[in-house]
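Spelled out, the chains give:
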Amino acid sequence: MSSLTSIPNDIPKNMISADLAEGRKRLDSLWNGTIPGIVLVVMVTGVAFSARNISGFALFSPMITAVVVGMIYSNVLGTPAHAKAGIAFSQRRLLRFAIVLLGFQLTLGQVVSIGASGVGIVALTLGATFVFTILLGRLIGVDASLAQLIAAGTSICGASAIVATNIVTDARDEDVTYAVASITLFGTIAMLGFPLLAPGLGLDQHAFGLWAGASIHEVAQVIGAGFQNGTQSGEIATIAKLTRVAMLAPMIVALGLMARRKRSDQTAARPPMPWFVAAFVAVAALNSLVAVPAEVKSAMALATTVMLTMGLAAMGLQADISQLRSRGLRPLALAFSAFLFIGSFSLMLVKLA
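Computed from a prediction, not measured in an experiment: that's the story for all the values here.

Reading guide: rules and limits
- Residues numbered from 1 in each chain as written.
- Predicted model: local features only at pLDDT ≥ 70, side-chain atom pairs only at ≥ 80, totals over all residues.
- Heavy atoms only, no water.
- Helix = DSSP H or I, 4+ residues; strand = E, 2+ residues; numbered from the N terminus.
- Buried < 20%, exposed > 50% of the residue type's maximum accessible area, 1.4 Å probe, protein only.
- Contact = heavy atoms within 4.5 Å.
- Expected span 1.5 Å × (residues − 1).
- Polar contact = N/O pair within 3.5 Å; in protein donor to acceptor, adjacent residues only side chain to side chain.
- Salt bridge = Lys/Arg side-chain N within 4 Å of Asp/Glu carboxyl O.
- pLDDT = per-residue confidence, 0-100.

**Some details on the side chain of Thr-65**
Here is step 1: Counting through the fold element by element, Thr-65 comes out in helix H3 (residues 62–76).
Here is step 2: For Thr-65, a relative accessible area of 10% puts it in the buried group.
Here is step 3: Setting aside residues no more than four positions away along its own chain, Thr-65 makes contact with Ala-48, Ala-51 and Phe-60.

**Describing helix H7 (residues 144–157)**
Here is step 1: Compared with the 20 Å implied by 1.5 Å per residue over 14 residues, the 19 Å span of H7 between its first and last C-alpha is a close match.
Here is step 2: Counting buried residues in H7 gives 12 out of 14 residues, a clear majority hidden from the surface.
Here is step 3: Within H7 the residues assigned to the buried category are Leu-146, Ala-147, Gln-148, Leu-149, Ile-150, Ala-151, Ala-152, Gly-153, Thr-154, Ser-155, Ile-156 and Cys-157.
Here is step 4: For H7, the N-terminal cap is Asp-143; the gap from its side-chain oxygen to the backbone nitrogen of Ser-145 is 3.1 Å.
Here is step 5: One or two positions beyond H7, positive phi appears at Gly-158, with a value near 65°.

**A word on the pattern of salt bridges**
Oppositely charged side chains can form a pair if their charged atoms are brought close together.
Here is step 1: In the structure shown here, the tally under the stated rule is one salt bridge.
Here is step 2: A salt bridge links Arg-172 to Asp-175; the nearest nitrogen and oxygen atoms lie 3.5 Å apart.
Here is step 3: Classification of Arg-172 by relative accessible area gives partly exposed; the value is 44%.

**Topic: the confidence of the model for the protein**
Here is step 1: The predicted model of the protein averages 80 in pLDDT, with 84% of residues at 70 or higher.
Here is step 2: Element-level mean pLDDT values for the protein span from 49 in helix H1 (residues 2–10) up to 95 in helix H17 (residues 330–352).
Here is step 3: Every residue in residues 1–7 scores below 50 in pLDDT, and together they form zero contacts with partners more than four places removed in sequence or on other chains.
Here is step 4: Below pLDDT 50 for its whole length, residues 264–272 participates in 15 contacts with residues either more than four positions away or in separate chains.

Shown next as structure tokens:
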């Protein structure tokens, strides 16, 4: 008993003081560095979600609103220097985890339900749009990294794909913001305009749902356009869109391999399969094999949206509008051309199917 009580007395007091000082230093660093930035990101995220209650803003997802609000705050009031660490944490860590949680919105059964022809239309449209956008970007002189972001956002799943692609391509924050803004603009046009074109194009509910799901940029925009044309259209559009989301994983792997080839030092190159892509595939497989309760799926969907919104709010808080203006109109023309291509190409395939 006496030996047990004597153990603490054997520890030098200066060692205890050093440990306490180190712990206090870490807490101070966390509070003065990471916490303020996260609080600011949370505030912007709260504004983005609250804006949905304002007439006219319900058309936009919180993710898009968060980018705009963050940009306004950053360029009007200025982002405090002591908040940058927390903003960087939100932009990197939360976004990766959110992409993993996207797997809870997809099952293999959903993909199979649109049939082989539907999957083929989605895959061909995605691949053709991505290649078209990259090649046109080279032709008109758009920076390669920005062209890749626009290509991914148009062909796969909007802001989520842009974020995931940026983790591999490591583009500038201003490029990410520019890509998100342009994708939002043309995706919104598609959401509002495509349902008006359905009667004139002779598309029934199944065909329109497949067209909308294969061509409109954001998941929320696809749902809005699909259900505007009917319940069956909405369901088919959602499934087709989630099929595109599933193709995010192989696309990121391909981009990782491309980035690796461009590096002269192969040992420093990033792995072709980023951990978050592997985790996304694993979660989607789990969701396909195990009956996840609806309440859990709903909670995961909300958590995914919140974290994606926080990540994009962080991007907005680091965006410099003057640098966006310096990009000129060529990237916007590229995004518009990609929008026209994916709409017309997918429509052609739907008509031929």
